[in-house]
Every structure is written in C-alpha cells, then in structure tokens.
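One letter stands for each residue in the lines below.
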Amino acid sequence: MEAEKDVKITEPIPMVDLKQQYEKIKDEVDEAILNVVSSTRYIKGPEVTGFESELAEYLGSTHVIGCANGTDALQIALMALGLKPGDEVIVPSFTFVATAEVIGLLGLTPVMVDVDLATFNITGQLVEEAITDKTKAIVPVHLYGQAAPMEEIMEVANRYNLPVVEDNAQAIGSDYTFRSGKVKKSGSIGHIGCTSFFPSKNLGCYGDGGAIFTDDDDLAAKIAMVANHGQSRQYYHDRLGVNSRLDAIQAAILRIKLRKLDHYCQARKSAADYYDQRLGKTIQIELPYRADYSSHVFHQYTLKVPANDRDQLREHLQNKGIPSMIYYPVPLYKQKAFAPYWPQGKVLPHTETLCQTVISLPMHTELTEDVQNYICNNVINYFS
Ligand SMILES: *Cc1c(COP(=O)(O)O)cnc(C)c1O
C-alpha cells in the first residue's frame, strides 16, 4: 500500500552507525588524539578543562564537571546533595537501570513512579503523588531524547523544597521552552544535570565519559570534590568521594563532536520526520509523541505497537536484516535488584503497557533514505 520501491541494501543495517560518523571527522579526531598522546597531559589538563567550559557555554550552565561515565555522574550528584541513608529519591520506573541503581547503592531508597503513556516521562502530578516526609530529591529522566515536563516538575520541587537532578543522558542538545517563552537546554533546568558520553549517546565519545552540570557555585564545588576523592586541596580529604575523571583523549574527541552536536541532532530529527511520514498512516502504529515544550533529539525512535504483534514484528524485521531494540523490556520494580524497594505484586499500569508495546528502530546520524525506505516498507508490510 505505502510501499515505495526498494533500493537494494548491500550493507548490514546497524542500530547505530558510529563508523560512518567517524569517517567524516577522522582527520580532525585522529590529530586531536595524537596531540593528547604527545602532550602527555593524560589526566585533567587543557583538553578536559577546555571541553568543560565549551559544554558549559553550550548548555548555558555555569559549571560543568567531567567524570568517568553517566552512572558516576548521577552517583556523584546525589553524593554532593548530602543525602542520608533511608532518604527517598523519586525516579521513573521506566528508564535505564543506572538512574535508580545509584540511589540504592548510596543506601537511599528509590521511589519508582509511573510515567505518562504518551511522553514516556514522569509528570509533576505523578511526582507530587509520591512525595512523603522522607522524600529528599527527584531525578527526572529525559527519555529517548525529549525532556520531561520540567516546568511543572520544578514547580512541585520548589513547593516541597526538593533538589532536582536531571538525567539528561539521552537528551543532550534538546531545547526546553517555558510558558514565558524562555528557552533552556535540557539538563540545565534542575539543580544538577547529568549526562553520559557513552559512544551511542547523542554526544558520544570513543569509550566511557560523563559530565555533571550546575549553576550553583556551592554545589559545583562539592561535586568537583566528591569526584576527586573528597579532596578540598591536594591530600586534604574533607569527605568521602570517588575517583571519577573524564579522560583527556575522550575530552579531545568530545570538543570536536560538541561543535557538530546541533547538526547531529538535526540529522536524527530529519530521520525521525521521515519515519513519521512513512509510518503514520498504519493504524496499528503509534508514532513518538512530540511535546510542544521540548524539542526532540531522538536518541531513540520508539514506536508503540500492539503487544501481541511486537515480538513477531521484531522477528519479521530481523529476517529482513533490520535490527530493532526494546528499551526497556522489564519495569525497574520487577528487576530482582529492586525487589527490596517494592511491595510484591504491585504494578504501575503505564510502565507495564510500555514494556510490552515499545519498539525502537535504527536511529543515528548517518541514516540514508534508501535504508529508511527499506525499513519502513518492511514495517508496513508486516501490518498489511
Ligand atoms: C546511558 C544512560 C545512563 C548511564 O550512562 P553510562 O555512561 O553508561 O554510565 C544513565 N541514564 C540513562 C537514561 C542512560 O540512557
């Protein structure tokens, strides 16, 4: 019905194509890596501080502190807030495990809340319903590349005087528009923002990396201290910290890729527009929702399909050489690791539905129309 003629696809289709992205910036990146190697400034040094200030400028945040990965970023942020064992931290039930894992690791209690069916994100109301006397922080996640409704979440947080740590690992580069018309970058709205530079993220390095951002000078000092063994000055340790550094080689790569981030986000958005346009007429498919308050940078392009079709659709695509992924197949509260934090048998209805209906298609900066056409034809012909 909607099928357009297939062009023969000769290369395997990846979920994420980092190889072709690298080829386009190879000369610049290779030179930057070799410069770090010959400089011997492997730890901290000018590449790291240079990247931190360029990212701060991009985000409109006063401080950016690099660290070893996105999971550490979340952990360090919570440590800097000085939370105590038993304190409750509100977190979505539908997210990557890291967001809730660090809460448990610090002896805090993750309070998992349901998400909105359309946006996949928590809302001000869902957060407010979960607040108790023990609540000490809120960690919204900007899932798949679109920000949670931060304006209403901040209103709730301010009313209860709670710090907000944004998990921006999937949404770096997205713009948030407030009712007043003011625009801010996701991750720069809460008290602290965290991100990951895992290779497949929208701003990815060639290994592990992460960063923490804040406008608060006092919090920034604590974050830097926690990330560096709780050190106030060399060999004076005021608190327990961790050793979590952004590698200088990764920082050098990130400086190059940061300059292309808006272009990368645009390439993802164009690919999403193409998918939307081709798949929107198939009634069994629900396209990704686009909120008016947040631009979508499409870390993932995630459809909802009927639960009893989902696994067969995946198999059908697999047989045609088209990869797909389920982010995420199991609600966090059903993971064994989180059993201690959850009343047995309790479920959150939207999270349950999403775990059974979501499917993510290949999404990256190098998708071609020929490949997308082939993917769409095969999605459509499964349902026809
Ligand atoms: C990737 C990711 C993280 C963790 O980042 P790492 O660098 O892999 O530690 C945390 N939260 C979310 C939502 C993520 O997607």
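Criteria and thresholds
Along each chain, residues carry numbers from 1 onward, in the same order as the chain's sequence is written. Only residues with pLDDT of at least 70 are given local features in this predicted model, and only at 80 or more are side-chain atom pairs given and counted; all residues enter the totals for whole chains, interfaces and linings. Calculation of side-chain values draws on the structure's entire complement of heavy atoms; hydrogens and water are dropped beforehand. All the domain ranges listed were derived from an automatic or database domain assignment. Here a residue-residue contact requires only that any non-hydrogen atoms of the pair lie within 4.5 Å. Two parts placed together each lose some accessible area under a 1.4 Å probe, and adding up what both lose gives the buried area. Throughout this description, buried means an accessible area under 20% of the type-specific maximum (1.4 Å probe, protein chains only), exposed means over 50%, and partly exposed covers the range between. Each helix corresponds to a stretch of at least 4 residues labelled H or I by DSSP, and each strand to a stretch of at least 2 residues labelled E; elements are numbered beginning at the N terminus. Note on pairing: two strands pair once DSSP finds at least 2 bridges between them. Definition used in this section: a nonpolar core is a set of buried Ala, Val, Leu, Ile, Met, Phe, Trp, Tyr and Cys residues joined via side-chain atoms within 4.5 Å. Only the stretch in contact is used when fitting a helix axis, every axis being a line fitted to C-alpha atoms; angles between N-to-C directions are given from 0 to 180 degrees. Exposure above 30% relative accessible area and the absence of a salt bridge qualify a residue for a patch, where like charges join within 9 Å and nonpolar side chains (Val, Leu, Ile, Met, Phe, Trp, Tyr) within 5 Å. For the accessible areas, the method is Shrake-Rupley and the probe is 1.4 Å, while residue cover comes only from the protein chains on display. The term salt bridge refers to a pairing of a side-chain nitrogen on Lys or Arg with a carboxyl oxygen on Asp or Glu at a separation within 4 Å. If you view a crossover with the strands going away from you and the path from the first strand over the helix to the second runs clockwise, you call it right-handed. What counts as a ring pair is set by centres within 6.5 Å for rings of Phe, Tyr and Trp (its six-membered ring), and what kind of pair is set by the plane angle: stacked under 30 degrees, edge-to-face over 60, tilted for all other angles.

So, on to the domain arrangement of the chain. One can read the domain layout of the chain as domain 1 (23-258) and domain 2 (261-383). Computed over C-alpha atoms only, the centres of domain 1 and domain 2 are separated by 24 Å. The partner domain 2 presents 35 residues to the 46 residues of domain 1 that form the contact. Summed over both partners, the interface of domain 1 with domain 2 buries about 3600 Å², with 61% contributed by carbon and sulfur atoms. Considering only the side of domain 1, the residues that lose the most area to domain 2 are Met112, Tyr144 and Asn202, jointly responsible for 21% of the buried surface there.

With that settled, the discussion passes to the pairing of strand E9 (residues 210-214). Most of E9 is tucked away, with five of its five residues classed as buried. Covered by surrounding structure in E9 are Gly210, Ile212 and Thr214 together with Ala211 and Phe213, the residues of both alternating faces. In this structure, strand E1 (residues 63-67) lies alongside E9, joined through five bridges in antiparallel fashion. Paired with Gly66 across the strands is Ala211, a residue of E9.

Membership of the largest hydrophobic core comes to 59 residues, with the highest contact counts inside it found for Phe94, Ile138, Tyr275, Leu279, Tyr301 and Leu361. Ranked by residue count, the leading element in this core is helix H12 (residues 369-383), at eight residues. Three or more residues apiece are contributed to this core by two domains, here domain 1 (23-258) and domain 2 (261-383). The contacts of Leu279, once residues within four sequence positions are left out, are Ile285, Leu287, Tyr301, Leu303, Leu361, Cys376, Val379 and Ile380. Within the second largest apolar cluster, 33 residues are counted, among which are Val91, Val102, Trp342 and Leu348.

Read across the sheet, four strands follow the order E1-E9-E8-E5 without closing on themselves; strand pairing throughout is mixed. Strands with a single pairing partner mark the edges of an open sheet, and in this sheet they are E1 and strand E5 (165-167). For this sheet the average axis-to-axis angle between neighbouring strands, irrespective of direction, equals 20°. Two elements, strand E8 (residues 192-196) and E9, share four bridges in a ladder whose sense is antiparallel. Within E9, the residue paired with Gly193 across the bridge is Phe213. Helix-sheet contacts for helix H3 (residues 70-80) involve E1, E5, E8 and E9, and the interaxial angle to E8 is about 160°.

Listing the buried residues of helix H11 (residues 349-357) in full gives Thr351, Glu352, Leu354, Cys355 and Thr357. Those residues of H11 that are buried are in contact with strand E12 (301-304), helix H10 (307-319) and strand E13 (358-361).

Before going further, it helps to examine a nonpolar patch on the surface. A contiguous nonpolar patch, built from Leu34, Val37, Tyr42 and Ile43 and spanning about 380 Å² of accessible area, is present on the exposed surface. In this structure, Val37 sits in helix H1 (residues 18-39). Residue Val37 is classed as partly exposed on the basis of its relative accessible area of 39%.

Bringing the sheet that holds strand E2 (residues 88-92) into the picture now. The three strands lie next to each other as E3-E2-E4, forming an open sheet whose pairing is parallel. Each edge of the open sheet carries a strand with a single partner, namely strand E3 (109-113) and strand E4 (135-138). Within the sheet, the average angular offset between the axes of one strand and its neighbour, ignoring direction, is 35°. With three bridges joining them, E2 and E4 adopt parallel strand pairing.

With that out of the way, let us pick up unusual backbone geometry. The phi torsion of most residues other than glycine is negative, and most of the peptide bonds are trans. Note the cis peptide between Tyr327 and Tyr328, where omega equals 10°. Its place among the elements puts Tyr328 in the loop between H10 and H11. Phi at His229 takes a positive value of approximately 60°, unusual for a residue other than glycine. Secondary-structure assignment places His229 in the loop between helix H7 (217-227) and strand E10 (231-233). In this structure, Tyr235 takes a positive phi of about 70° despite not being glycine.

Counting buried residues in E3 gives four out of five residues, a clear majority hidden from the surface. Bridge analysis of E2 against E3 gives five bridges, and the strand direction is parallel. For Ile90, the partnering residue across the bridge sits in E3 and is Val111. Each parallel crossover has a hand, and the one from E2 via helix H4 (residues 98-105) to E3 is right-handed.

Looking now at the packing of aromatic side chains. Note on aromatic pairs: each is described by the distance of the centres and the angle between the planes. Tallied over the entire structure, the rule returns 15 aromatic pairs. Note on Phe298 and Tyr301: the rings are 6.0 Å apart at their centroids and 35° apart in plane angle, and the pair reads as tilted. Accessibility expressed as a relative area gives 0% for Phe298, which makes it buried. With relative accessibility at 0%, the residue Tyr301 sits in the buried group. For the pair Tyr382 and Phe383, a centre-to-centre distance of 4.9 Å together with 90° between the ring planes defines the contact as edge-to-face. Each member of the pair, Tyr382 together with Phe383, is buried. A network of ring pairs unites the aromatic residues Phe94, Phe96, Phe120, Tyr144, Tyr327 and Tyr328 as a single cluster.

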